[in-house]
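Working through the structure, step by step
Read off the chains here:
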Amino acid sequence: MNNHYSFIGGHEGPWRVTRCHAVVGEPVDAVQRLNVVNTPASQLNQRGTWVLQGFTSNVRYAERHEITQLRARQEGLNRPASTCAALIPIKKNAQWWALSQDERRAIFEAQSHHTEIGLAYLPEIARQLHHSRDLGEPFDFLTWFEFAPEHTDVFDELLVKLRASEEWKYVEREVDIRLLR
Ligand code: HEM
């Protein structure tokens, strides 16, 4: 199974970049288009202006009752109506990574209600989390979201809630890249 993905920013790809905004920390270079391929960066022929890579994985924090709710409500990527997408690369600080798994889970859910908040936005928002930290990448996570244009406002509302949470105090770099196809 190849669970490795590259997000190639440049002049090619089905996604047109409509906005590229550094929420916190260093920006990434502005590009016109984005291509997402199921290939590790080391095997790419075309590298564009930049490449961010990550891999899909098993859950770290979600508990059984949350997994059950997520599976009941979420829809997959590539829905025809999902002509909008967001790629939001995120890096958390050293303090976060020095915590234990149970301390991180407590901040993530008990204090920040990440899953509880996010569940209210399903199925309108489809999502995929990619892990990058263990690849030595500049970001720890590449978060990917797809939705219909009429759900842009609710997606922005979700971001306001999550960015106000305790969990986001540990975010030291975040770039919000919006896309249309
Ligand atoms: C992780 C749900 C939206 C960023 C997770 C996890 C769940 C979840 C269940 C934990 C996965 C695990 O157990 O390993 C949701 C739902 C959302 C949503 C239902 C609704 C659309 C967002 C948004 C962002 C985001 C909008 C970014 C702006 C992240 C990050 C992680 C994560 C960075 C990894 C956290 C870590 O491992 O430290 N999300 N999420 N999520 N989510 Fe969300």
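Refer to the preceding data block for the structure.
The paragraphs below set out a description of the structure included in this document. Source: prediction; values computed, not measured.

1. Re the coordination of the iron atom of the ligand
Reference values for angles at a metal are 109.5 degrees in the four-donor tetrahedral case and 90 or 180 degrees in the six-donor octahedral case. No protein donor other than His-114 (NE2) coordinates the iron atom of the ligand, and that contact is at 2.1 Å. Mapped onto the elements, His-114 comes out in helix H4 (residues 114–119).

2. Overview of the pattern of salt bridges
Taken as a whole, this structure holds 11 salt bridges when the rule is applied. One salt bridge in this structure joins Asp-176 and Arg-19, with 3.7 Å as the shortest N-O distance. Of the two residues, Asp-176 is situated in strand S8 (residues 171–180) and Arg-19 in strand S2 (residues 15–24); the sequence distance between them amounts to 157 residues. Given a relative accessible area of 1%, Asp-176 falls into the buried group. You can call Arg-19 partly exposed: its relative accessible area is 39%. Via salt bridges that share partners, Arg-19, Asp-156, Arg-163, Glu-174, Asp-176 and Arg-178 belong to a single interconnected network.

What counts and what doesn't
- Residues numbered from 1 in each chain as written.
- Predicted model: local features only at pLDDT ≥ 70, side-chain atom pairs only at ≥ 80, totals over all residues.
- Heavy atoms only, no water.
- Donors = N, O, S within 2.8 Å, 3.2 Å for Na, K, Ca; no water.
- Helix = DSSP H or I, 4+ residues; strand = E, 2+ residues; numbered from the N terminus.
- Salt bridge = Lys/Arg side-chain N within 4 Å of Asp/Glu carboxyl O.
- Buried < 20%, exposed > 50% of the residue type's maximum accessible area, 1.4 Å probe, protein only.

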